[in-house]
Structure formats: structure tokens, C-alpha cells
Amino acid sequence: MSVRQEKIASVIKKELGIYFQQNAIIIAKGAMITVTVVRMTQDLSIAKVYISIFGGKNNDDSFNNVVNQAKLIRHEISKVVRNQLRKMPELHFYSDDSFDYAQEIDKLLR
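Now for a quick tour of the structure. (Residues numbered from 1 in each chain as written. Predicted model: local features only at pLDDT ≥ 70, side-chain atom pairs only at ≥ 80, totals over all residues. Heavy atoms only, no water.)

What follows is about the overall build of the chain. From N to C terminus, the chain includes four helices and three strands. Counting every position in the chain, which comprises 110 residues, the buried fraction comes to 34%. Residue pairs at least 24 apart in sequence account for 58% of intrachain contacts in the chain once pairs closer than 6 positions are excluded. Treating the 16 positive side-chain charges of the chain as one cloud and the 12 negative ones as another, the clouds have centres 9 Å apart. (Helix = DSSP H or I, 4+ residues; strand = E, 2+ residues; numbered from the N terminus. Buried < 20%, exposed > 50% of the residue type's maximum accessible area, 1.4 Å probe, protein only. Contact = heavy atoms within 4.5 Å. Lys, Arg positive; Asp, Glu negative; His and termini not counted. Charge placed at Lys NZ, Arg CZ, Asp CG, Glu CD.)

Following this line, the structure appears as C-alpha cells:
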């Protein structure tokens, strides 16, 4: 990843983290959403955002809600970063289940 891709990914990750923290009740019905990784495409048009969801009653519903509201989230983030980025990339959300995977391995090792 180029330096520019890393910088843009870092800005988006930070702002998404703040956004999810402030709007967790609306988006995830009280579950905690953590942005684990943001990866940018070469042309900087798409940001692949990996998120983990904790503490919700139905994490799949919360994830689907985030995916369904991707355009609104992009719009809200673009208002915040408009002075830092020329063009706000599309946000593609993916579920990061590495924490669940680590818990499962830990459980198997015991």
C-alpha cells in the first residue's frame, strides 16, 4: 500500500470510529462497533472497511444495518473530512470475525 493510501485509510478509520461511537444506539441498537482495518484500492475510489461488532443481541442484524446505511455513513463522514480529501471513497463494509476466530481457538486449546 502506498503512503497516500495509508494516510487516507487512517483518516477514514479514525472518523468512522468516532461516527460509530456517537451513533451506536441508532445504527447497531446499542452494540459496540469497532473499525479494525481500512484498506484502500489503488485508485482510492473504494475503502474496504472491516468492522467487529460486540455486545449486541443480534450482531448479524447490526452488520446488515451498517451495510444498508453505507451511503448515509459515507455522506456524514465526507462532511467531516471534506478539507482533507478531494473525493470521498465508496465504503464497502466487511465483517471482521478475527476476534471470534481467536476466541474459538483459545476455547479449543483449553
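Next, the rest of the story.
This part takes up the side chain of Ser52. Within the secondary structure layout, Ser52 lies in strand S2 (residues 46-54). The exposure class assigned to Ser52 is buried, which follows from its relative accessible area of 5%. The contacts of Ser52, once residues within four sequence positions are left out, are Met32, Ile33, Thr34, Thr36 and Asp96.

What follows is about the sheet that holds S2. Pairing is mixed in the open sheet, where three strands are placed in the order S1-S2-S3. The two strands at the open ends of the sheet, each matched to only one other strand, are strand S1 (32-40) and strand S3 (90-95). Pairwise comparison of adjacent strand axes, ignoring direction, gives a mean angle of 30° for this sheet. As paired strands, S1 and S2 are joined by eight bridges and run antiparallel to one another. In the strand pairing of S2, Ile33 is matched with Ile53. (Pairing = 2+ DSSP bridges. Axes fitted to C-alpha atoms, helices over the stretch in contact; angles between N-to-C directions.)

Let us now look at the nonpolar core. Ranked by size, the top nonpolar core spans 27 residues in total, and within it Ile12, Phe20, Ile51, Ile73 and Phe93 carry the most contacts. At the level of secondary structure, the elements contributing two or more residues to this core comprise helix H1 (3-28), S1, S2, helix H2 (59-68), helix H3 (70-81) and S3. Of all the elements, H1 adds the most residues to this core, at eight residues. Apart from residues lying up to four places away in sequence, Ile51 is in contact with Phe20, Ile33, Thr34, Val35, Thr36, Phe63, Val66, Phe93, Tyr94, Ser95 and Asp96. (Core = buried A, V, L, I, M, F, W, Y, C linked by side-chain atoms within 4.5 Å.)

With that out of the way, let us pick up the packing of aromatic side chains. This model, assessed by the stated rule, comprises three aromatic pairs. Each residue in the set Tyr19, Phe20 and Phe93 is aromatic and connected to the rest through ring pairs, giving one cluster. (Phe/Tyr/Trp six-rings, centres within 6.5 Å; stacked < 30°, edge-to-face > 60°.)

Moving on, we come to the packing of H1 against H2. At a minimum axis separation of 10 Å, H1 and H2 run at an interaxial angle of 110°. Judged on the interaxial angle alone, H2 and H1 are roughly perpendicular. Residue-level inspection shows Phe20, Ile26, Ile27 and Ala28 of H1 in contact with H2, the latter providing Ser62, Asn65 and Val66. Broken down by class, the residue content of the contact of H1 with H2 amounts to five nonpolar, two polar and no charged. (Parallel < 35°, antiparallel > 145°, perpendicular 65-115°, else oblique. Nonpolar A, V, L, I, M, F, W, Y, C, P; charged D, E, K, R; others polar.)

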